[in-house]
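Overview (structure and organization)
Spelled out, the chains give:
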Amino acid sequence: LELPSRGLRASLDAADHDGLQDLVRASEMYTASGSDAPLPELPAVIAALVALHLGEAAVAQRVLDAAIAGAQGGAWAGPRLLLWRAWVALQREHAAEAENALRAATGGRPLGARDRLLADAVELGLVRRNGQPSELPPVWQRAQESLLRVQIDLFTLVPLGEFAVSAARVGEFGAVRSSLERADQLLADLGRPALWETSLQWSGLHASILLGSPEELTVHARALRAAAEHSPLAARLARAGRVWTDVLTGAVDVDAIEESAAALAASGFAWDGARLASHGASKSTDRRIIARLLACARQLHPRERVETPATPATDTGPIPAPTRAAEGSGILSEREREVAALVLQGKTYAEIGETIFISPRTAEHHIAR
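These notes cover the structure that comes with them.

About the cut-offs
Residues numbered from 1 in each chain as written. Predicted model: local features only at pLDDT ≥ 70, side-chain atom pairs only at ≥ 80, totals over all residues. Heavy atoms only, no water. Helix = DSSP H or I, 4+ residues; strand = E, 2+ residues; numbered from the N terminus. Rg over C-alpha atoms; globule rule 2.2 N^0.38 Å. Buried < 20%, exposed > 50% of the residue type's maximum accessible area, 1.4 Å probe, protein only. Contact = heavy atoms within 4.5 Å. Areas by Shrake-Rupley, 256 points an atom, 1.4 Å probe, with all protein chains shown as cover. Polar contact = N/O pair within 3.5 Å; in protein donor to acceptor, adjacent residues only side chain to side chain. Expected span 1.5 Å × (residues − 1). Salt bridge = Lys/Arg side-chain N within 4 Å of Asp/Glu carboxyl O. Core = buried A, V, L, I, M, F, W, Y, C linked by side-chain atoms within 4.5 Å. Patch = residues over 30% accessible without salt bridge, like charges linked within 9 Å, V, L, I, M, F, W, Y side chains within 5 Å. Lys, Arg positive; Asp, Glu negative; His and termini not counted. Charge placed at Lys NZ, Arg CZ, Asp CG, Glu CD.

It is worth spelling out the overall build of the protein chain at this point. Across its full length, the protein chain carries 19 helices and zero strands. Relative to the compact-globule value of 21 Å for 369 residues, the protein chain shows a C-alpha radius of gyration of 21 Å, a close match. Its C-alpha atoms give the protein chain principal-axis dimensions of about 65 × 50 × 35 Å. Split into buried and exposed, the 369 residues of the protein chain put 51% on the buried side. Contacts in the protein chain between residues at least 24 apart in sequence constitute 65% of all its contacts with a sequence separation of at least 6. Carbon and sulfur atoms provide 54% of the accessible area of the protein chain, an area that totals close to 16,800 Å².

Put into structure tokens, the structure is as follows:
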């Protein structure tokens, strides 16, 4: 227990950034021991979370992959490791991996409350990033109950952030406000550790944008600036937050937007980088800038399409992924089918462009086709 305790304490200390090494070693040793004794949290999960909070999503993936391959914790731990593996894949824009890991984790025995919360967060994230806008509300209705069944702690801050953004997107932010207040009190009691606070503040900033609340946005932006002194990830997010705020006011600095979008992607926030570029394009009237930023958005979030096994989905299971049309089938391309689906939802050219990162003129061209 010495290594995970020391690593976790280090993660709470603004002046100490060496905790990740202890946590990775603790995970490897626990796997090698073959122990299946229950723990408050798996060493691999703690190590992966710290890696994520440092902006090292690739490290988080390697730690989890090793733990899964070594059956860390035995049978009871398998679903939790797979769920965190799904979350890391989601952050890294590997939707197919996320869906497969989620399916594997939820296909066996019923999940406990903490695992159910994480599974629902992954499902919300997949739909919010890759699904159609109309798909999110019913998923939210199923998922929100899981938030009532867990006690907020350091290891639930990441899924809580996804719940917050999804709730703001569907207009039900009130359902998560009390949980966010408990999380804020927890962080305050711990001295506001920059490493653990950063990602939740970033989610809060995005929720504020969706809610159209400049007052709350300012609170989260200020918290990110304060954490930036002690956290490289917070510094990158604070910079991106400033650029995003400028975009919301109509100031489009294409170089700053591309730089911040790339920095977000490198830190495991590719989806957010794509949205920043897309928002910048929507605020510009210069066709060259619009094309440049939309190309950046498409590169960061390619809206991957994957084949999925022909198994029925359950009410609590993953969202079926759109399947790739067989080559040469039909008269419309995949992009044209995507636009057609949005037309049937009653979206305007501008709304279609924002959803799939194309210009309104390109959307008009596809609709004419």
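Moving on, we come to the side chain of Q61. The residue Q61 is located in helix α4 (residues 57-69) in this model. One polar contact links Q61 to R92, side chain to side chain, over a distance of 2.5 Å.

An ideal rise of 1.5 Å per residue puts 22 Å on 16 residues; helix α10 (residues 174-189) measures up with 24 Å between its terminal C-alpha atoms. Looking at the buried residues of α10, the elements they touch are α8 (136-143), α9 (157-170) and α11 (194-211). Two residues or fewer past α10, G191 is found with a positive phi of approximately 85 degrees.

Phi angles above zero are rare outside glycine, and A71 is one such case at about 55 degrees. A71 sits in the exposed class, given a relative accessible area of 52%. Backbone geometry places E93, a non-glycine residue, at a positive phi of 65 degrees. Take E93: it is sitting in the loop between α5 (78-91) and α6 (95-106). For E93, a relative accessible area of 15% translates into the label buried.

All right, on to the pattern of salt bridges then. Pairs can form between side chains of opposite charge whenever their charged atoms are close. Per the counting criterion, the structure on display carries 20 salt bridges. A salt bridge links R6 to D22; the nearest nitrogen and oxygen atoms lie 2.8 Å apart. Of the two residues, R6 is situated in helix α1 (residues 2-11) and D22 in helix α2 (residues 19-33); the sequence distance between them amounts to 16 residues. For R6, a relative accessible area of 35% corresponds to the partly exposed category. Overlapping salt bridges bring together E41, R80, R114, D115 and D153 as one network.

In this structure, W84, W87, F163, V176 and W196 are the most contacted members of the largest nonpolar core, which totals 67 residues. With nine residues, helix α3 (residues 43-53) is the largest single contributor of residues to this core. The contacts of W87, once residues within four sequence positions are left out, are L52, A121, V122, V158 and E162. A256, A261, A274 and F357 belong to the second largest nonpolar core, which has 31 residues in total.

So, on to a positive patch on the surface. Taken together, the side chains of R222, R225, R239 and R242 define a basic patch exposed on the protein surface. Take R222: it is sitting in helix α12 (residues 214-228). The class of R222 is partly exposed, set by a relative accessible area of 48%.

Considering the arrangement of structural elements, one finds S27 in helix α2. Its relative accessible area of 4% is what places S27 among the buried residues.

Among the surface-exposed residues, V343, Y349 and I367 lie close enough to one another that they form a single nonpolar patch of about 220 Å² accessible area. Within the secondary structure, V343 is located in helix α17 (residues 334-344). Residue class for V343 comes out partly exposed when judged on its relative accessible area of 36%.

In short, the description is geometric, and any link to function would need to be established separately.
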